[in-house]
Amino acid sequence: MSSGIWQRGKEEEGVYGFLIEDIRKEVNRASKLKCCVCKKNGASIGCVAPRCKRSYHFPCGLQRECIFQFTGNFASFCWDHRPVQIITSNNYRESLPCTICLEFIEPIPSYNILRSPCCKNAWFHRDCLQVQAINAGVFFFRCTICNNSDIFQKEMLRMGIHIPEKDASWELEENAYQELLQHYERCDVRRCRCKEGRDYNAPDSKWEIKRCQCCGSSGTHLACSSLRSWEQNWECLECRGIIYNSGEFQKAKKHVLPNSNNVGITDCLLEESSPKLPRQSPGSQSKDLLRQGSKFRRNVSTLLIELGFQIKKKTKRLYINKANIWNSALDAFRNRNFNPSYAIEVAYVIENDNFGSEHPGSKQEFLSLLMQHLENSSLFEGSLSKNLSLNSQALKENLYYEAGKMLAISLVHGGPSPGFFSKTLFNCLVYGPENTQPILDDVSDFDVAQIIIRINTATTVADLKSIINECYNYLELIGCLRLITTLSDKYMLVKDILGYHVIQRVHTPFESFKQGLKTLGVLEKIQAYPEAFCSILCHKPESLSAKILSELFTVHTLPDVKALGFWNSYLQAVEDGKSTTTMEDILIFATGCSSIPPAGFKPTPSIECLHVDFPVGNKCNNCLAIPITNTYKEFQENMDFTIRNTLRLEKEESSHYIGH
């Protein structure tokens, strides 16, 4: 708020951008100014009104009801020149309640009484508004009547209300949403057939418990209500009575793809499948209304943090062999003592090490390596955007379920964005296979793709029938033979082949993968907020830049200004291609991850300036110690040498273990 100082540096320089020499000059200037309230020196704040010479301390200004604007140039106004709210006519003859504390106030604008700019009947105490602004933060502070944020915040900032840039206090409360994440697991039908009792729940069997799709507070075993699969809708007796007696019940209509009989080959093959509507049922109709309101502006980071509230303080240590990530993870996750909701600790071990040595590992590095292995495994097929493959051995070993479970655990425990799902696989998970139309890009089998292309390029009925005769055995095997009468029949034939090869063929792996993805409630969250999760499941994270890394790493210890200057110059040199390392190399060296996880790093990456010759990366604490050198050239050479060779040695070490 001081009148004679400006933020001339970057955020990490000086004190949040205020340079040390500027602060000293301002202290010296203010020492000569006398506060017009307490008459003591050090009054660094002056009224910005022209020709007004009043100066005061910040607490003294608050005492005399000055207004300080926490925006723009951070202007301050004395009691004579402060901004006021102008009311054209006062039709309020009686007292009105403050819409926050509900105490009655006189509806006359003053320093302590403010009116909403968007709702004429909304009045507030200044103190009530300030407390609410501090608790809500910039993302949730809005008019209590109409929920407007833009106009409301602009006016409140003008009137001196401080709105901090932070998450709401209730978002930061530990385990604030814990109760919402508890699932009801009990069979409530009149006659439960399960010999193990009403509380018995066995996933992937007829004794799995299905909750009421309307209230969620009643349940049934699949067998007890004659449900063939978990996907079938089921309502408890109370909800069913309400729905059928309401007069508004309409039987659910099966969703039909638009113009399915007139689908052109360009629609089928060349364009990505557009988002489909989920199946509608009495319960899901009401749920959709809730979702439309609740998912407004929900970002995936917030959703994953909410899922993270399930993680308990109790920890489970996983012993991981970096040279054999997949089998190590399988053994750890299949251990009967493993609980997905326990906090994870990682210890790296070496196979066949007679000394039994171990050393602490980074959880996020482990999850990052695991996701890389999963992406390149035989469970998926495709180049960049992948679908599930059909692997009989993996089915036998239940690896598709384990893959879904690993993905869910990784997302909730702070792992990286998978980013390799095809839109078709994603739509199958969210809207169901029956509401998803694959495209040619989903077919990774060259021979099948050639058959589809040949059918597509057929120009006459005779050509089309000739192609079908050549592929007769294949089409008969997959059940896609159809009577051809016109050339346009090829479009439906292509649609059938795509549907079989991409969806029906991998139905069993898909169902198993889907069950694994239900771990920690991840699949339900994906289905509730598809737009948010599509960004991390179907797209790779944005490329790192000097600005992103500079803002990502915080400085906890007393910094060396020169070294920090070298650090920022080094980031810029890497971005400009003037270094042998990349942004991803720097992040891997410090954290073990090549990208920023959707839920963020925990702990936050930090920078230390140490009197060492070479940088040191601590992946367990996400800490990067940078060297203090005399010249920038020496700084860059040491950084390049250490990061490049450390990553190379880690790769060689891993391949060495695999070879043995």
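It should be emphasised that the depicted structure is a prediction, and the values quoted were computed from it without experimental measurement. (Residues numbered from 1 in each chain as written. Predicted model: local features only at pLDDT ≥ 70, side-chain atom pairs only at ≥ 80, totals over all residues. Heavy atoms only, no water.)

Draft legend 1. Looking closely at the overall build of the chain. When its secondary structure is counted, the chain shows 25 helices and 19 strands. For the chain, the residues scored as buried account for 46% of the 660 residues in total. At a minimum sequence separation of 6, the contacts of the chain that also span at least 24 residues come to 61%. Split by element, the accessible area of the chain, about 36,200 Å² in all, is 51% carbon and sulfur. (Helix = DSSP H or I, 4+ residues; strand = E, 2+ residues; numbered from the N terminus. Buried < 20%, exposed > 50% of the residue type's maximum accessible area, 1.4 Å probe, protein only. Contact = heavy atoms within 4.5 Å. Areas by Shrake-Rupley, 256 points an atom, 1.4 Å probe, with all protein chains shown as cover.)

Draft legend 2. How the structure looks around the sheet that holds strand β17 (residues 606–610). On the basis of which strands lie adjacent, the open sheet formed by four strands has the order β16-β17-β19-β18 and mixed pairing. On the outer flanks of this sheet lie β16 (554–555) and β18 (616–618), each paired with one strand and no other. Here two bridges tie β16 to β17, and the two strands are oriented parallel to one another. From the neighbouring strand, Val555 faces β17, where its bridge partner is Ile607. (Pairing = 2+ DSSP bridges.)

Draft legend 3. The nonpolar core, seen in detail. Counting residues in hydrophobic clusters, the biggest one holds 79 residues, and the most contacted among them are Phe366, Phe513 and Phe533. Broken down by element, this core gets its largest block of residues, nine residues, from helix α13 (residues 399–412). Counting residues in hydrophobic clusters, the runner-up holds 27 residues, among them Leu549, Phe566, Val574 and Ile626. (Core = buried A, V, L, I, M, F, W, Y, C linked by side-chain atoms within 4.5 Å.)

Draft legend 4. How the structure looks around unusual backbone geometry. The linkage connecting Lys602 with the following residue, Pro603, adopts the cis geometry, with an omega of 5°. Considering the arrangement of structural elements, one finds Pro603 in the loop between α24 (583–591) and β17. In this structure, Arg51 takes a positive phi of about 70° despite not being glycine. Within the secondary structure layout, Arg51 lies in the loop between β1 (45–46) and β2 (55–56). The phi dihedral of Asn398 falls on the positive side, at around 60°, and the residue is not glycine. Along the chain, Asn398 turns up in the loop between α12 (392–396) and α13.

Draft legend 5. Summary view of the sheet that holds strand β13 (residues 358–361). Read from one edge to the other, the open sheet built from three strands follows the order β11-β12-β13, with strand pairing classed as mixed. Each edge of the sheet is formed by a strand with only one pairing partner; in this case those strands are β11 (312–320) and β13. The average angle at which neighbouring strand axes cross in this sheet is 35°, direction not considered. Inspection of the sheet shows β11 paired to strand β12 (residues 342–349) by seven bridges, in the parallel sense. Looking across to β12, one finds that Tyr319 is bridged to Ala347. (Axes fitted to C-alpha atoms, helices over the stretch in contact; angles between N-to-C directions.)

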